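Survey of secondary and tertiary structure
Take a look at the letters that make up each chain.
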Amino acid sequence: MGNAKLYKGSLNTIILKLLEEQGKMYGYEITQKVKELTKGELQITEGALYPALHKLEAEGLLDVEVAKVENRLRKYYKLTEAGVKETKNRLAELEEFIRSMQHLVNPNWSIN
């Protein structure tokens, strides 16, 4: 995608959605899943991902679980109960935003 700024505002929602689907993930795994799902169009940098993860954790939306993997500590992120509820809210808001933008860009287009 040409405009990474459009994704920046959606990064937290993307993270929450992936964790909702996957249960728990570690940072690198999140970046690779986004890259895979977007066929390389969106690549999240560590410089964007980790501040977003820390912010979501500070908001009480994520729990962190540390596990030892191949003699290294790895942080796994998962949704809290509040995170599950907030994910639904943010996805609904994002879907409404996409519908509104689509109507602006192409007034004859409709989504059910």
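These remarks concern the structure in this document. (Residues numbered from 1 in each chain as written. Predicted model: local features only at pLDDT ≥ 70, side-chain atom pairs only at ≥ 80, totals over all residues. Heavy atoms only, no water.)

1. Notes on unusual backbone geometry
- Even without glycine at this site, Lys39 takes up a positive phi of about 55°.
- Among the secondary structure elements, Lys39 is positioned in the loop between helix 3 (27-37) and helix 4 (46-58).
- One non-glycine residue, Asn71, adopts positive backbone phi at about 65°.
- Along the chain, the position of Asn71 falls in the loop between strand 2 (62-69) and strand 3 (72-79). (Helix = DSSP H or I, 4+ residues; strand = E, 2+ residues; numbered from the N terminus.)

2. Let's talk about the nonpolar core
- With 19 residues, the main nonpolar core has Ile15, Leu19, Leu53 and Leu62 as its most contacted residues.
- Looking at this core, the elements with two or more residues in it are helix 2 (11-22), helix 3, helix 4 and strand 3.
- Per-element accounting of this core gives the leading share, 6 residues, to helix 2.
- When residues no more than four places from it in sequence are discounted, the contact partners of Ile15 are Leu49, Ala52, Leu53 and Leu56. (Core = buried A, V, L, I, M, F, W, Y, C linked by side-chain atoms within 4.5 Å. Buried < 20%, exposed > 50% of the residue type's maximum accessible area, 1.4 Å probe, protein only. Contact = heavy atoms within 4.5 Å.)

3. Topic: the sheet that holds strand 1 (residues 24-26)
- Strands sit in the order 1-3-2 across an open sheet of 3 strands; the sheet is antiparallel. One side of each edge strand has no neighbouring strand; the edge strands of this open sheet are strand 1 and strand 2. Taking each pair of neighbouring strands and ignoring which way they run, the sheet shows an average axis angle of 35°.
- When strand 1 meets strand 3, the two strands line up antiparallel, connected through 3 bridges. Residue pairing across strands places Lys24 opposite Lys78, the latter belonging to strand 3.
- Running over the sheet, helix 3 touches strand 1 and strand 3 and is turned about 100° from strand 1.
- In this fold helix 4 packs onto strand 2 and strand 3, with an angle of close to 120° to the strand it touches most, strand 2. (Pairing = 2+ DSSP bridges. Axes fitted to C-alpha atoms, helices over the stretch in contact; angles between N-to-C directions.)

4. Overview of helix 4
- In a regular helix each residue adds 1.5 Å, so 13 residues correspond to 18 Å; helix 4 covers 18 Å between its end C-alpha atoms and thus fits that length.
- Where the residues of helix 4 are buried, they touch helix 2, helix 3, strand 2, strand 3 and helix 5 (81-105).
- Looking at the residues trailing helix 4, positive phi occurs at Gly60, about 80°. (Expected span 1.5 Å × (residues − 1).)

5. As for the packing of aromatic side chains
- Counting across every chain of the model gives 1 aromatic pair.
- A centroid spacing of 5.6 Å and a plane angle of 85° characterise the contact between Tyr26 and Tyr76, whose relative ring orientation is edge-to-face. Here Tyr26 is found in strand 1, whereas its partner Tyr76 is found in strand 3, with 50 residues between them in sequence.
- Geometry around Tyr76 places Lys24 over its ring, the cationic atom sitting 5.0 Å from the centre. (Phe/Tyr/Trp six-rings, centres within 6.5 Å; stacked < 30°, edge-to-face > 60°. Lys NZ or Arg CZ within 6 Å of the ring centre and 35° of its normal.)

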